[in-house]
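Structural overview for review
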Amino acid sequence: MGNTGRRAAATLLCSVLSAAPLRSEPMVCPDSVVSVTSGSSHVAETVCEAAAFAEEMFGQCNVPSLDRPVAIHVVEDLLDGCVALYHCGNDKIEVLTPGKVDERRDPDGAFSFLPSKDYFRSIIVHELSHAAFDSVPCPFSSCAAANEYVAYSMQVMSLSEEEQRTFAARADLDRKVSRDELSKMILYFAPHRFAQRAWTHLQQRDDPCAFIGQITDGTVLLDREHF
Ligand SMILES: [Zn+2]
């Protein structure tokens, strides 16, 4: 009895000690402005891999580079319905643990076919592109449509070619998608539909990354002022 009790106490202490530094001290991703706070070093490494991929892709596709530290916190809970959240102006991203993301994932959503790890990584790319978009000038009170267009585009672009094809096939948009279909209304009421339209619309451009560049330099405006 006594022995078992001591062993249990030792195990508990050990798990507290090994978990505590990770929770209080963020891990800085190698050669990156991104840092991660997570209860799991494995998850933190996954976040860093996704961040490195995102930073390289942004450079190749005319998304502004992340020019300031961005802190990613892997958390156990978030506002209802959210799997991740970018706190604009605060350079902070909160994302659920991969397990909690799976629990909350919409089974009919645009990304529901992805394996758990690929989906988690794609969420990191999506949120980091919001952080990058912070430096894009917006002539309206909000540029939510443009911001999400770029975020969803980068999210899908970060997938494997086969996953991109599946994403496009499930969107089932075998026609020309117009800019009018990419409104804030669609974004708010049917975000998954917006994601599918954004990707299909981008694929219909002659040079998708040049189009992303036109959005991020303000030549193309997807938003409008609502009076
Ligand atoms: Zn978003």
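All values derive from a computational prediction rather than experimental measurement.

Description of the nonpolar core
Grouped together as the largest cluster of nonpolar side chains are 65 residues, with contacts concentrated most on Phe111, Leu128, Tyr149, Met154 and Ile215. When sequence neighbours within four positions are dropped, the list of residues in contact with Leu128 reads Val34, Ala51, Ala54, Phe58, Leu66, Val70, Ile72 and Ile93.

As for the pattern of salt bridges
A complete count under the given rule lists ten salt bridges for this structure. Glu181 is the salt-bridge partner of Arg197, the closest N and O atoms lying 3.7 Å from each other. Highlighted residues: Arg197 in helix H8 (residues 191-203) and Glu181 in the loop between helix H6 (161-171) and helix H7 (184-189), separated in sequence by 16 residues. Both residues of the pair, Arg197 and Glu181, count as buried.

Re the coordination of the zinc ion
Binding of the zinc ion to the protein goes through His126 (NE2), His130 (NE2), Glu148 (OE) and Glu148 (OE), at separations of 2.0 to 2.5 Å. Coordination at the zinc ion is irregular: its four donor atoms span angles of 54 to 144 degrees at the metal. Of note, the zinc ion draws all its donor residues from one chain, in the sequence arrangement H-x3-H-x17-E. In this pair, His126 is assigned in helix H4 (residues 116-133) and Glu148 in helix H5 (residues 144-157), connecting sequence segments 22 residues apart. A relative accessible area of 6% means that His126 is categorised as buried. Residue class for Glu148 comes out buried when judged on its relative accessible area of 18%.

Some details on the sheet that holds strand S5 (residues 92-96)
Strand order in the open sheet formed by five strands is S1-S2-S3-S5-S4, with mixed pairing between adjacent strands. Either end of the sheet is taken by a strand with one partner, and the two such strands are strand S1 (27-28) and strand S4 (84-87). Relative to strand S2 (residues 34-37), S1 runs antiparallel, the two sharing two bridges. Following the sheet pairing, Val28 is matched in S2 by Ser35. Lying on the sheet, helix H2 (residues 41-60) is in contact with S1, S2 and strand S3 (70-75); it crosses S2 at an angle near 160 degrees.

A few points about H4
Between the first and last C-alpha of H4 there are 26 Å, a value that for 18 residues agrees with the 26 Å anticipated at 1.5 Å per step. Burial analysis of H4 places 14 of its 18 residues in the buried class, the great majority of the element.

Overview of a nonpolar patch on the surface
Residues Met185, Tyr188 and Phe189 make up a contiguous nonpolar surface patch of roughly 420 Å² in combined accessible area. By the secondary structure assignment, Phe189 is in helix H7. By relative accessible area, Phe189 is classed as exposed at 69%.

Parameters at a glance
Residues numbered from 1 in each chain as written. Predicted model: local features only at pLDDT ≥ 70, side-chain atom pairs only at ≥ 80, totals over all residues. Heavy atoms only, no water. Core = buried A, V, L, I, M, F, W, Y, C linked by side-chain atoms within 4.5 Å. Buried < 20%, exposed > 50% of the residue type's maximum accessible area, 1.4 Å probe, protein only. Contact = heavy atoms within 4.5 Å. Salt bridge = Lys/Arg side-chain N within 4 Å of Asp/Glu carboxyl O. Helix = DSSP H or I, 4+ residues; strand = E, 2+ residues; numbered from the N terminus. Donors = N, O, S within 2.8 Å, 3.2 Å for Na, K, Ca; no water. Tetrahedral: all angles 85-135°; square planar, octahedral: opposite > 155°, others 65-115°. Pairing = 2+ DSSP bridges. Axes fitted to C-alpha atoms, helices over the stretch in contact; angles between N-to-C directions. Expected span 1.5 Å × (residues − 1). Patch = residues over 30% accessible without salt bridge, like charges linked within 9 Å, V, L, I, M, F, W, Y side chains within 5 Å. Areas by Shrake-Rupley, 256 points an atom, 1.4 Å probe, with all protein chains shown as cover.

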